[in-house]
Structure formats: C-alpha cells, structure tokens
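# Remarks on the overall topology
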Amino acid sequence: FGITGFREAINDGLTGNFFDSRFDRASLNLTGRFNNNFITGIQVSGISTKIQTYSIYNSGVSIGVIYFTNNIYIGLLFQNVISIDSKKENSLPYKIELNTDYTLKEKFTFGLSLFKEKNNIPDFNIGARYRIIPALTISAGYVNESKQITGGFSIKYKMMILDYCISYHQELNLTYKVTLSFNYE
C-alpha cells in the first residue's frame, strides 16, 4: 500500500503546493481461536515514510484478543507494544484500544471504539455496517479525533475480502483506504 504526493501546509492551512512524498505499509497478521468464544492475534507491520529527502523505516508488533458470542464482540488491542525505527527517534506510538460490536438480526452491526494513544487524550470512533447479501456489506462511521465521516463497502469472495473506505478530511480532502485480506481456516 502506498500514498504519494502530500500537500504542503503551514500553520494557517494548506498552501496548495505538493511535494515529493511516499507512505508504504505492509502487515502480516496471525490469529488463532482458543475455544468457541476467544480469538487472539498478533500483527507485525513494516512502514516506510519518505518526505522529500527525509526517509524513515518503522516496524511494530501489536497483540489483541477478542471475546464473542452470537451477537456481541468485545476486543482489546495493544498496538505497537514493540516499535523499532531506523532513526532511533520516531518510534510508532503505543496505543491501547477497547472495541465492541453489537449485531442485530444478523444484518445490522453497530460498533464503538474507545482508545488512548501515548501522550494524547482518550478518544472514540463509532460506526455501523449493513450486510446486504452474504458477500456484500456497506458501512458508515465517524472518527472523532479528525471529525471525519467515513463510508465504504466490503466484498467477500471465497477466502478473499476486499475492503474499500472513503472519508473526507478537512485538510486532506477525500482520502481512500483499500485492504485486501485472505482468510485461511
């Protein structure tokens, strides 16, 4: 995954100029089910950031656990519990996150995420999903920290899931996120 061409900004806002930049991220996720109601997982990520002539390479390890029943999910995530960076000055921020989802009539899911990142105040995100058919889900949400409204969809085909999300950021305008996942069971 890569993003290129960031817009230049000063304290008063965006200047309208673009500068050479790139952001790439790759992650490997491993999960395991320990009984009928618990899943644990680990994620190893590598991140490369280049802004004009400045480059940095980070890697991080995150761990999490999910408890679920038929219609309730509760998750706890410890993000970047191990963080290594190439410059020894910009490690990835440690974050703890508590998530919950409630599914109504197997089609509607409502979610809430409470989180605390190192050196920041606690914050939240909310969202909802609607499963149109088993292979297609639409979603909408709100990111409190950046005051973003988001929307997206997921397409599931056999062991592959394609997620697409679009949001409007007050400084970055439209931003997109695409995730391709494979589920091996």
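Before reading further, recall that the structure is shown in the block above.
Description of the structure in this document. Just so you know, these numbers come straight off a predicted model, no measurement behind them.

About the thresholds
- Residues numbered from 1 in each chain as written.
- Predicted model: local features only at pLDDT ≥ 70, side-chain atom pairs only at ≥ 80, totals over all residues.
- Heavy atoms only, no water.
- Phe/Tyr/Trp six-rings, centres within 6.5 Å; stacked < 30°, edge-to-face > 60°.
- Buried < 20%, exposed > 50% of the residue type's maximum accessible area, 1.4 Å probe, protein only.
- Lys NZ or Arg CZ within 6 Å of the ring centre and 35° of its normal.
- Helix = DSSP H or I, 4+ residues; strand = E, 2+ residues; numbered from the N terminus.
- Contact = heavy atoms within 4.5 Å.
- Pairing = 2+ DSSP bridges.

### What to know about the packing of aromatic side chains
Counted according to the given criterion, the structure contains six aromatic pairs. Both rings, one in Phe-68 and one in Tyr-73, keep their centres 5.4 Å apart while their planes meet at 15°; by these two values the pair is stacked. A relative accessible area of 38% places Tyr-73 in the partly exposed class. For the ring pair Phe-108 and Phe-110, a centre distance of 6.5 Å and an interplane angle of 10° mean the geometry is stacked. Aromatic ring contacts, followed pair by pair, group Phe-108, Phe-110 and Tyr-130 into a single cluster. Taking NZ or CZ as reference, Lys-95 lies 4.4 Å from the ring centre of Phe-115, over its face.

### Description of unusual backbone geometry
Phi at Glu-106 is positive, roughly 60°, even though this residue is not glycine. Judged by its relative accessible area of 63%, Glu-106 is exposed. At Asn-119, a position not held by glycine, the phi torsion is positive, near 65°. Inspection of the secondary structure puts Asn-119 in the loop between strand 7 (108-117) and strand 8 (123-133).

### Describing the side chain of Ser-45
With respect to the element layout, Ser-45 can be found in strand 3 (residues 38-51). In this structure Ser-45 touches Arg-25, Ala-26, Ser-27, Asn-58, Ser-59 and Gly-60, once residues within four positions along its chain are discounted.

### Focus: the pairing of strand 4 (residues 54-68)
Examined bridge by bridge, strand 3 and strand 4 share 14 bridges and lie antiparallel to one another. Note on strand 4: the bridge partner recorded for Gly-41 is Gly-64. Looking at chain direction, strand 4 and strand 5 (residues 72-85) are connected through ten bridges and run antiparallel. Of the residues in strand 5, the one forming a bridge with Tyr-67 is Ile-74.

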